[in-house]
Protein chains: 2
Amino acid sequence: MASPDRPQQPDASRTAAAAAAAAGEGHEVAAPGTGSRALLPPTERFATRTAGMTASEIRALFAVASRPEVVSLAGGMPNLAALPLQSLASEVADLVDVDGMTALQYGSAQGVPQLREQICEVMREEGIEGDPNDVVVTVGSQMALDLLTRIFVDPGDVVLAEGPSYVGALGSFAAYQARVVHVAMDEHGLVPALLHEALDALDRQGITPKFLYTIPNFHNPAGVTLAHERRPQILDLCRRYGVMVIEDNPYGMLGFTGETHPALRSYDADVIYLGSFSKTFASGLRVGWALVPPLVRDRLVLAAESATLCPPSFTQMLVSRYLSHHDWRSQIKTFSENYRERRDAMIAALETYLPEGCSWTVPDGGFFVWLTVPEGVDTKAMLPRAVTARVAYASGTGFYADGFGSRQIRLSFCYPTPERIAEGVRRLAAVLEAELDVVRTFGASARTELNRGPQTPSPDTT
Amino acid sequence: MASPDRPQQPDASRTAAAAAAAAGEGHEVAAPGTGSRALLPPTERFATRTAGMTASEIRALFAVASRPEVVSLAGGMPNLAALPLQSLASEVADLVDVDGMTALQYGSAQGVPQLREQICEVMREEGIEGDPNDVVVTVGSQMALDLLTRIFVDPGDVVLAEGPSYVGALGSFAAYQARVVHVAMDEHGLVPALLHEALDALDRQGITPKFLYTIPNFHNPAGVTLAHERRPQILDLCRRYGVMVIEDNPYGMLGFTGETHPALRSYDADVIYLGSFSKTFASGLRVGWALVPPLVRDRLVLAAESATLCPPSFTQMLVSRYLSHHDWRSQIKTFSENYRERRDAMIAALETYLPEGCSWTVPDGGFFVWLTVPEGVDTKAMLPRAVTARVAYASGTGFYADGFGSRQIRLSFCYPTPERIAEGVRRLAAVLEAELDVVRTFGASARTELNRGPQTPSPDTT
């Protein structure tokens with residue numbers, strides 16, 4: 001630190017050496033003063049946590065998937081074709097006209113108060129009674145999850161997640177150096193007995209996981225939904241072992257059967273709940289939220305402030321107006337019908353085209369089918385050949401923190417038309433057939449260096 | 001981890017004990033199974049880094065400052081009155097009409113390509129030649145700074161910052177457990193000789209700071225601008241000691257003299273540059289950016305992806321259209337004229353009303369005046385009395401990581417009208433007079449527990 005009586009040196013000459021002399025210090029300038037050192041530090045000066053940051057396999061696919069000749073069954077982009085653009089255009093014009101001075105200005109770090117009230121109304125659809133004061137609006141629910149990891153996870157801490165789990169969650173967990181322990185699912189979602197087993201094994205090592213991260217409804221990537229009777233069981237187990245629960249529910253309202261699944265948060269007000277308008281309205285606005293207990297809220301708001309100061313007022317107020325002036329429930333119904341039609345197209349195509357030995361989940365909502373291919377096929381190694389055949393998918397390995405999933409594939413039916421979905425599956429089937437030909441002739445080792453799947457009772461392999 | 005042949009338990013009964021039994025394990029259920037434990041973890045389960053997260057003093061003021069009878073000289077909200085709302089309304093309606101399917105959809109984690117090109121055009125105004133591929137669009141430049149801290153700072157690492165420094169930067173540094181070493185300024189900005197001294201002292205301890213964080217133009221909160229001849233000196237020093245430079249320049253184009261200050265980035269392409277549309281267009285859109293060397297870019301994009309997946313397409317495309325279709329240079333000139341008028345009102349009021357022994361900076365641009373009050377007055381302790389007298393300000397202590405600044409005040413002239421500014425300063429002067437009366441009668445200790453200012457050659461005390 002400088003001493004208060006240090007004289008100004010406004011006219012110090014232009015070289016560092018002269019500046020050093022002007023400092024008037026008796027000591028020698030230390031060794032680093034070679035003058036030749038670059039400003040940019042060497043790679044090893046990055047923080048330790050960057051070691052865990054690697055490009056997700058899905059991200060690498062985005063460039064490829066955007067080529068028009070490729071049918072992408074890889075991404076998770078919602079299909080927005082049903083949005084009423086004309087009425088949204090006048091809505092947003094009115095927002096600028098009437099509320100421009102607020103919409104274009106900084107707002108509260110916690111989010112626009114009116115929107116937080118409306119979010120509570122939305123959550124009521126799934127049985128949640130929340131207080132607007134406990135809602136924190138974030139730039140997509142991804143930001144909420146990232147910040148919750150920031151405020152709860154020290155390096156080396158254990159977090160529990162379904163296996164497979166959402167790739168963006170695994171990215172945040174890695175960024176904060178969490179150790180992910182996967183708990184397997186079956187076709188009814190997370191298996192309580194296996195959760196108990198994992199909790200118990202950790203407890204015997206003296207480890208209390210920081211939280212269980214779970215997607216109960218229309219799981220990404222697994223496409224399964226947690227059976228209702230399992231929900232209180234899972235909460236009981238977490239309570240017994242003192243483990244917090246983060247419930248991520250971006251697809252909950254996009255069911256195909258008309259059935260509403262009660263949120264875990266509706267059983268226990270201490271569950272942290274993540275919601276999003278990305279799939280029920282528009283992902284490009286990046287408006288999501290967390291509903292958290294007050295004790296967590298204050299820290300979460302502080303973390304949000306340091307992350308972005310505040311979420312964009314503009315997009316929040318647009319969502320708020322949309323909820324006020326539009327029949328958002330009907331719009332969600334329309335979206336769901338579109339997705340159901342696409343799900344049907346994908347399942348029909350899988351049944352028609354896929355070779356013997358494949359199995360898959362049949363989702364009742366959401367965006368994704370989880371496919372398991374025959375032994376000997378490595379889905380990550382196969383991907384370049386699939387892209388050459390003009391179909392893209394997400395290899396299962398991206399959805400595990402531990403390298404599992406090499407016999408799995410996530411297929412997205414959300415975005416392409418039913419016709420394109422059928423064509424994509426047809427192409428995938430041809431690639432799989434060729435792959436299996438090679439496996440049958442030369443054995444699995446010809447195609448894969450390390451084939452570890454199936455290793456867990458993933459939803460479709462039991 | 002579960003074994004692959006674990007049987008499904010879809011019908012496990014509803015209690016955790018039954019689930020445990022259903023797990024079929026021979027081992028005893030471990031001790032924590034009391035059933036009475038709450039789901040929410042005790043406070044001590046928060047991550048270590050949350051210890052450094054405290055509500056900024058400015059944040060606590062937001063609620064107070066919003067009362068209409070209080071003249072707030074505390075915030076940093078830009079004055080948006082000059083924005084052409086009507087033409088923006090039709091611009092944004094057209095955006096939805098024409099490009100709605102893209103604007104409402106997920107985009108690239110790095111930002112909309114066309115906007116990144118336009119950002120390079122904007123930066124060219126300050127002498128920067130940047131490549132759109134090296135621009136990362138973020139949710140305000142706050143997010144860029146937060147993520148750069150994430151990828152560079154391990155707990156305990158040293159970062160250098162001016163003293164005083166931007167409160168939001170100090171918040172991010174604290175969140176990642178950086179140790180901030182302040183380097184003092186004079187009225188010509190950061191003092192190279194003092195920077196040299198700090199670098200040398202750290203070097204003798206074997207410490208290389210991760211970076212120097214600096215705001216060269218119209219400093220927040222100090223209101224000073226780095227003299228041109230000091231710019232290469234500072235870069236030379238950082239090069240010699242292997243210290244990266246992060247240049248934060250949100251106010252650079254809001255000068256009052258017509259002079260353009262060359263960015264540090266214009267001297268050296270390895271400087272990391274942060275820019276923002278919050279002050280030159282609209283803060284409520286939260287569109288900022290970082291221009292970084294390629295080596296940093298890839299890690300920054302990965303970190304951004306884990307933080308928010310992608311910035312909102314909608315707000316980015318609105319900024320892009322604004323830059324394409326509006327005379328943004330004239331708009332910035334209009335903004336600058338408004339701020340100059342307000343700066344003049346504040347300086348005139350300070351000269352008219354403030355008691356003997358006060359001194360202040362006279363900024364050539366930006367939003368802020370840095371005021372030093374007479375010895376014996378503690379600006380943090382005085383704040384509640386000021387608010388009672390219907391004027392709010394930001395106490396200097398919020399702008400130091402180390403508790404200095406108790407004799408300083410940041411006064412914002414950006415938002416209120418010139419008349420309100422004059423009235424606010426008049427009220428502040430009365431509070432100061434009353435405070436000095438007490439000090440003169442009872443001594444400083446009557447009003448302050450710990451008065452440490454001035455401790456550094458802050459801009460106005462040399």
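Being a predicted model, the structure only gives us computed values, none of them experimental.

**Q** What is the right way to read the side chain of Q331 of chain B from this model?
**A** Relative to the assigned elements, Q331 of chain B resides in helix 12 (residues 328-353). Side-chain polar atoms of Q331 of chain B contact the backbone oxygen of A82 of chain B, separated by 3.3 Å.

**Q** Help me out: how do you make sense of the packing of aromatic side chains in this one?
**A** For any pair of aromatic rings, the description rests on two quantities: the centre-to-centre distance and the angle between the ring planes. Using the criterion set out here, one finds 25 aromatic pairs over all chains in the structure. Between Y339 of chain B and F367 of chain B, the aromatic rings sit 4.7 Å apart at their centres with planes inclined by 45°, giving tilted as the arrangement. With a gap of 28 residues between them, Y339 of chain B in helix 12 and F367 of chain B in the loop between strand 10 (359-360) and strand 11 (368-372) connect regions that are remote in the sequence. The residues Y339 of chain B and F367 of chain B share a single accessibility class, namely buried. Of the aromatic side chains, those joined through ring pairs into one cluster are Y251, Y339, F367 and F368 of chain A. Above the plane of the ring of F46 of chain B lies R299 of chain A, whose end atom (NZ or CZ) is 4.2 Å from the centre.

**Q** Would you take a moment to explain the sheet that holds strand 6 (residues 211-214) of chain A for this structure?
**A** Strands in a sheet are paired, the pairing made by backbone hydrogen bonds, and the direction either parallel or antiparallel. All names here are of chain A. A sheet is described by the order of its strands in space; here eight strands give the open sequence 2-9-8-7-6-3-4-5, paired in mixed fashion. With one partner strand each, in any of the chains shown, strand 2 (135-138) and strand 5 (189-190) form the two edges of the open sheet. Pairing geometry for strand 3 (residues 158-163) and strand 4 (residues 179-186), over six bridges, is parallel. Along strand 4, the bridge assignment pairs V158 with R179. Most of the contacts of helix 7 (residues 192-204) go to strand 4, to which it runs at about 155°, and overall it touches strand 3, strand 4, strand 5 and strand 6.

**Q** Sorry if this is basic, but what is going on with the nonpolar core here?
**A** Generally speaking, a soluble globular protein has its nonpolar side chains buried in company with each other. With 155 residues, the main nonpolar core has F277, F314 and L411 of chain A together with F277, F314 and L411 of chain B as its most contacted residues. Per-element tally for this core: the top contributor is helix 12 of chain B, with nine residues. Of all hydrophobic cores here, the second largest spans 90 residues; its members include V139, F152 and V180 of chain A together with A303 of chain B.

**Q** What's the story with helix 7 of chain A in this structure? I'm lost.
**A** Residues and elements named next belong to chain A. With 13 residues, helix 7 should cover 18 Å at 1.5 Å per step; its first-to-last C-alpha distance of 18 Å lies within 8% of that length. A large share of helix 7 lies buried, amounting to 10 of its 13 residues. Residues of helix 7 that are buried include every one of P192, A193, L194, L195, H196, E197, A198, L199, D200 and L202, and no others. One or two positions beyond helix 7, positive phi appears at G206, with a value near 80°.

**Q** Help me understand the packing of helix 12 (residues 328-353) of chain A against helix 14 (residues 418-442) of chain A in this model?
**A** Residue and element names in this part refer to chain A. Two numbers describe how helix 12 lies on helix 14: the axes approach to 9 Å, and their chain directions differ by 30°. It follows that helix 12 is roughly parallel to helix 14 by the angle criterion. Helix 12 and helix 14 meet at a crossing whose hand is right-handed. Contacts between helix 12 and helix 14 involve E341, R342, A345, M346, A349, L350 and Y353 on the former and, on the latter, P418, I421, A422, V425, R426 and A429. Tallied by class, residues from the contact of helix 12 with helix 14 come to 10 nonpolar, no polar and three charged.

Rules and cut-offs
- Residues numbered from 1 in each chain as written.
- Chains lettered and ligands numbered in written order.
- Predicted model: local features only at pLDDT ≥ 70, side-chain atom pairs only at ≥ 80, totals over all residues.
- Heavy atoms only, no water.
- Helix = DSSP H or I, 4+ residues; strand = E, 2+ residues; numbered from the N terminus.
- Polar contact = N/O pair within 3.5 Å; in protein donor to acceptor, adjacent residues only side chain to side chain.
- Phe/Tyr/Trp six-rings, centres within 6.5 Å; stacked < 30°, edge-to-face > 60°.
- Buried < 20%, exposed > 50% of the residue type's maximum accessible area, 1.4 Å probe, protein only.
- Lys NZ or Arg CZ within 6 Å of the ring centre and 35° of its normal.
- Pairing = 2+ DSSP bridges.
- Contact = heavy atoms within 4.5 Å.
- Axes fitted to C-alpha atoms, helices over the stretch in contact; angles between N-to-C directions.
- Core = buried A, V, L, I, M, F, W, Y, C linked by side-chain atoms within 4.5 Å.
- Expected span 1.5 Å × (residues − 1).
- Parallel < 35°, antiparallel > 145°, perpendicular 65-115°, else oblique.
- Left-handed = near helix turned anticlockwise from the far one by under 90°.
- Nonpolar A, V, L, I, M, F, W, Y, C, P; charged D, E, K, R; others polar.

Coordinates in, geometry out; function isn't part of it.
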